[in-house]
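A look at the structure
Chain by chain, the residues run as shown.
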Amino acid sequence: VQLQAFGGGLVQPGGSLRLSCSASGSIFSINVMAWYRQAAGKQRELVASITSGGRTNYADSVKGRSTISRDIAKNTVYLQMNSLKPEDTAVYYCNVAGSDGIRTFGSWGQGTLVTVSS
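Residues numbered from 1 in each chain as written. Predicted model: local features only at pLDDT ≥ 70, side-chain atom pairs only at ≥ 80, totals over all residues. Heavy atoms only, no water.

Things to note about the overall build of the protein chain
Which entries qualify depends on this criterion: Put simply, DSSP H or I for four residues or longer makes a helix, DSSP E for two residues or longer makes a strand, and each gets a number counted from the N terminus. For a compact globule the rule gives 2.2 Å times the number of residues to the power 0.38, and the radius of gyration it is set against comes from C-alpha atoms. We call a residue buried when its accessible area falls under 20% of the maximum for its residue type, exposed when it is over 50%, and partly exposed in between, using a 1.4 Å probe and counting protein chains only. Residues are treated as being in contact if the distance between any of their heavy atoms lies within 4.5 Å.
Broken down by element type, the protein chain carries zero helices and eleven strands. For the protein chain, the α and β elements follow one another from N to C terminus as β-β-β-β-β-β-β-β-β-β-β. By the compact-globule yardstick of 13 Å for 118 residues, the protein chain fits well, its C-alpha radius of gyration being 14 Å. Summarising its shape, the C-alpha atoms of the protein chain cover approximately 50 × 25 × 25 Å along the three principal directions. A total of 118 residues make up the protein chain; the buried ones form 39% of that total. Pairs at least 24 apart in sequence give 54% of the contacts found in the protein chain among residues at least 6 apart.

Structure below.
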């Protein structure tokens, strides 16, 4: 299963970005789609996740400023980020966990850089 992420870039503090990540390949079902981020010199951390049932979970640092959503038909997950802060600067990675009908998989996207700076 391959993931391709889009939407990163340079944005001013207070601005917004929408990240998207599409999964392709041998996919029978998807259990969880998530976004992680890794800032320079820091460990990768969970930003937000959404289950097959639509349950969402957010890191405290982005709660109220970000919304995760998905298009089941397109195997795509989105992350809308508003009121961006310099501390949101990081490489953002999508992660998808599911099954190809025989085996489970967990795949990572290539990462997309978000830079929040004036």
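As for the side chain of S20
You can see S20 is positioned in strand β3 (residues 17-24). Other than its neighbours up to four places away in sequence, S20 contacts Q4, A5, F6, W35, T76, V77 and Y78.

Considering the state of the cysteines
The line we're drawing: Our working definition of a disulfide is a cysteine sulfur pair at a distance within 2.5 Å.
Under the definition given, this model contains one disulfide. Paired by a disulfide, C21 and C94 hold their sulfur atoms 2.0 Å apart. Here the disulfide of C21 and C94 is right-handed, its torsion about the S-S bond being about 55°. Here C21 is found in strand β3, whereas its partner C94 is found in strand β9 (residues 90-99), with 73 residues between them in sequence. Both residues of the pair, C21 and C94, count as buried.

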